[in-house]
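As a plain string of letters, each chain reads:
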Amino acid sequence: DYLLEFLGSSGINAEYGEEFEQIVKASHLKPLEKGDRISDMDKFTQPWNIASSQDNFSFSPSPQTDLSTSSLQNLTQFNREWRKRKGPQKFDLLLSLSETDIRRIFHAEIGLGLLGEIVDALHSNWAEEHVTSVLNILTTLTKCGRFDLSLRFLSGEEKTKLKSLLDKMYALSETDGVSELFKMYEVV
C-alpha cells in the first residue's frame, strides 16, 4: 500500500505500480525500513541465492505444464509463455486465447516485434479448419493498444507472410471480415 501510494504520487500509473509491487513480492526481498543501514548489520540474514546456501539442493526442471490462458493476465506473462514455446506450440497458444484474453493481454500495446512473430506463427501453422479462429485473432489484434505502431514495424518478409495468409483466408471465405482485414493491416 505504501509502495502504491509512493508510485501514485510520483505520477506512475497505478496499474504499473501494482505490477511492480508483485515483482517485488515475488523476489522475496525484505523491505528496508527508513532507519536501516548496511553498516549497522552484522551480516545479511537473507541469502541472495538460497540454492547456493543449501547443501542438499538439486535442480530439477518442472515439466512443462499446460498453462491456462485465463491465467495470462498481461503482456509480461504472455511473453514469458510465448518464449517457452516453439513453432506449433505458439500457434496453439494463440488459438487457445479468447477475444477477451487478447484484449486484456494487449490492452496497452502489442510488444515490439510481437505482431510479426504472431503473423509468422499463424502463417507457418495455417490450416483451413482454423480460418475462423485466425480471422478472430487478427481482427481482435487490430483493436489492441498501439496496433498501428506495431503494424509499422513489420518487416518486408512479415508483410509478405501476412498478405499470403490473408489471401488464403479470402480464397476460403470471401467475407467482409477478411476484406476488412486487408484494409486494417494495410495489405495491398
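For the structure itself, consult the block above.
1. Comments concerning the overall build of the protein chain
Here's step 1: Scanning the protein chain from terminus to terminus reveals 11 helices and 0 strands.
Here's step 2: Each of the 188 residues in the protein chain was classed as buried or not, and the buried ones make up 31%.
Here's step 3: Contacts in the protein chain between residues at least 24 apart in sequence constitute 69% of all its contacts with a sequence separation of at least 6.
Here's step 4: When the accessible surface of the protein chain is split by element, carbon and sulfur atoms take 53% of a total near 12800 Å².

2. Considerations on the packing of aromatic side chains
Here's step 1: Overall, the coordinates contain 4 aromatic pairs when judged by the stated rule.
Here's step 2: A ring pair is formed by phenylalanine 78 and tryptophan 82, whose centres lie 5.5 Å apart and whose planes are at 25°; its orientation type is stacked. Taken together, the residues phenylalanine 78 and tryptophan 82, both in helix α4 (residues 75-84) and 4 residues apart, mark about one turn of the helix.
Here's step 3: With 6.1 Å between their ring centres and 85° between their planes, tyrosine 170 and phenylalanine 182 make a pair best called edge-to-face. Residue tyrosine 170 is found in helix α10 (residues 156-172), and its partner phenylalanine 182 is found in helix α11 (residues 176-184); the two are separated by 12 residues along the sequence.
Here's step 4: According to the relative accessible area criterion, tyrosine 170 is partly exposed, its value standing at 34%.
Here's step 5: Residue classification places phenylalanine 182 among the buried residues on the basis of a relative accessible area of 17%.
Here's step 6: These aromatic residues form a ring-pair network of at least three members: Phe78, Trp82 and Phe106.

3. Some thoughts on unusual backbone geometry
Here's step 1: Located in the positive-phi region is arginine 146, a residue other than glycine, with phi close to 55°.
Here's step 2: On the secondary structure map, arginine 146 appears in the loop between α8 (131-141) and α9 (147-152).
Here's step 3: For arginine 146, a relative accessible area of 54% translates into the label exposed.
Here's step 4: In this structure, glutamate 186 is a non-glycine residue whose phi angle is positive, near 55°.

4. What about the pattern of salt bridges?
Here's step 1: Per the stated rule, a full pass over the model turns up 12 salt bridges.
Here's step 2: The partner of arginine 85 in a salt bridge is glutamate 81, with the nearest N and O atoms 3.0 Å apart.
Here's step 3: Take arginine 85: its relative accessible area is 8%, and that puts it in the buried class.
Here's step 4: The salt bridge partner of lysine 183 is glutamate 180, with a shortest N-O separation of 3.5 Å. Note that lysine 183 and glutamate 180 are positioned in helix α11 at a spacing of 3 residues, about one turn of the helix.
Here's step 5: Beyond isolated ion pairs, a larger network of salt bridges with shared partners links Glu81, Lys84 and Arg85.

5. Let's talk about the nonpolar core
Here's step 1: Judged by nonpolar contacts, the single largest core of 38 residues is most densely connected at Phe78, Phe106, Leu141, Met169 and Tyr185.
Here's step 2: Non-local contacts of tyrosine 185, meaning those with residues more than four positions away in its chain, are made with Leu115, Leu138, Leu141, Thr142, Phe147, Leu151 and Leu162.

6. A short note on the packing of α8 against α10
Here's step 1: Interaxial distance between α8 and α10 falls to 11 Å at its minimum, and their mutual angle equals 130°. Accordingly, the angle class assigned to the pair α8 and α10 is oblique. Seen along the crossing, α8 lies across α10 with a hand that is left-handed. Counted together, Val131, Val134, Leu135 and Leu138 of α8 and Leu165, Leu166 and Met169 of α10 form the full contact between these two elements.

Definitions and cut-offs
- Residues numbered from 1 in each chain as written.
- Predicted model: local features only at pLDDT ≥ 70, side-chain atom pairs only at ≥ 80, totals over all residues.
- Heavy atoms only, no water.
- Helix = DSSP H or I, 4+ residues; strand = E, 2+ residues; numbered from the N terminus.
- Buried < 20%, exposed > 50% of the residue type's maximum accessible area, 1.4 Å probe, protein only.
- Contact = heavy atoms within 4.5 Å.
- Areas by Shrake-Rupley, 256 points an atom, 1.4 Å probe, with all protein chains shown as cover.
- Phe/Tyr/Trp six-rings, centres within 6.5 Å; stacked < 30°, edge-to-face > 60°.
- Salt bridge = Lys/Arg side-chain N within 4 Å of Asp/Glu carboxyl O.
- Core = buried A, V, L, I, M, F, W, Y, C linked by side-chain atoms within 4.5 Å.
- Axes fitted to C-alpha atoms, helices over the stretch in contact; angles between N-to-C directions.
- Parallel < 35°, antiparallel > 145°, perpendicular 65-115°, else oblique.
- Left-handed = near helix turned anticlockwise from the far one by under 90°.

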